[in-house]
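# Remarks on the overall topology
Chain residues, written in single-letter form:
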Amino acid sequence: MATSILSGCLNLEWLKLKNSILPKAFRIHVLSLHLKTLILDDCYCLQKIELYSASLITFEYTGQSKRLSFLHVPLLEKVHIKFLVGYKNHTRYMFNALAKDLHQLLILSVVLTKNELPVPRRITTFSYLKQLELFVLASPDFNLLSLTSLINAAPLLQKFNLSLHDWRSGDTGSVEQYSEHAHLQLKEVEVHGFCGTSNQMALAIYLLNNAVSLERMTLTTQRRFYRGAGKWTSTSFYWIDWEKKKEHAYDLLLKQRVNSRTNLVFL
């Protein structure tokens, strides 16, 4: 269906389908198509997606599809994925097959819920990934250090953004430790929804200890949301307990910098 429609719109460069009723199998297989951006947002009935598009650069997907197939997308460099329903093959695909299918990927944005967590310790390497955006919806007992498996799988990563949502202020006590791994290219880290729990502090310390080229780490209580199509929004969040221990946390993290020139910013 999609192929037959798009074959008559070869100069189309941007396409977004939202809350649309689509066939179970959505296929784009048009060699001469100029489509550069494809956004599929919570479309109904969709179970399988196959993409064969030589010009595609950006792909965003939110939905319940059980299978994503990137048959021929040599220019695809930016991907956003949010699965609304959890399946075991989603976890296997996100942490293993995705890197194999899209070895040229530069920017990856992923929403992680309890359905995709915990993150496995071994993940297929994203050889060229430079920017990683993670949106984590989990309880405080989820070990944030497990996210370092994703960072370790991207040796050329330069920018890491982490957004924590529905994060309660309660502390979690002991945190499972992960082996250290030098991050030679990582230059910028942002954590949104930060309120100084032991879990969050452990992740910040790990990054400060191991990102030898880190130029800036920003920790903010603001909640950050992705609206799609490259648009963002944020909301202010004030936690009085965090304000009380903010200065102490800053001093503690400042001492953990392996790179003394790292600029540590609290917002």
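Rules used in this analysis
- Position numbers for residues count from 1 along each chain, tracking the sequence in the order it is written.
- Local features in this predicted model are restricted to residues of pLDDT 70 or higher, and side-chain atom pairs are both shown and tallied only at a pLDDT of 80 or more, whereas totals for entire chains, interfaces and linings draw on every residue.
- Processing note: side-chain calculations cover all non-hydrogen atoms of the structure and skip hydrogens and water entirely.
- Put simply, DSSP marks the helices as runs of H or I at least four residues long and the strands as runs of E at least two long, and each gets a number from the N terminus on.
- Only protein chains enter the calculation, and the probe is 1.4 Å; a residue is then buried if its accessible area is under 20% of its type maximum, exposed if over 50%, and partly exposed in between.
- Contacts are assigned to residue pairs with any non-hydrogen atoms lying within 4.5 Å of each other.
- Whenever Lys or Arg places a side-chain nitrogen within 4 Å of a carboxyl oxygen from Asp or Glu, that contact is recorded as a salt bridge.

Under an unreviewed UniProt entry, the name given to the chain is At1g61320/AtMIF1 LRR domain-containing protein, and the organism recorded is Rhododendron simsii.

In this section: the environment of Glu50. In this structure, Glu50 sits in strand S4 (residues 48-52). By relative accessible area, Glu50 is classed as buried at 16%. Sequence separation between Glu50 and Arg67 is 17 residues; the distance between their C-alpha atoms is 8.5 Å. In contact with Glu50, other than residues within four places in its own chain, are Phe26, Arg27, Ile28, Ser69 and Leu71.

The subject of this paragraph is the pattern of salt bridges. If you walk through the whole model with that rule in mind, you get four salt bridges. With a shortest N-O distance of 3.2 Å, Glu50 and Arg27 are connected by a salt bridge. Remark: Arg27 occurs in strand S2 (residues 25-29) and Glu50 occurs in strand S4; sequence separation between them is 23 residues. Exposure remark for Arg27: the relative accessible area of 39% places this residue in the partly exposed category. A salt bridge links Arg224 to Glu133; the nearest nitrogen and oxygen atoms lie 3.0 Å apart. On the criterion of sequence distance, the pair formed by Arg224 in strand S13 (residues 223-228) and Glu133 in strand S9 (residues 131-137) is long-range, its members being 91 residues apart. Both residues of the pair, Arg224 and Glu133, belong to the buried class. Salt bridges linked by common partners bring Arg27, Lys48 and Glu50 together as one network.

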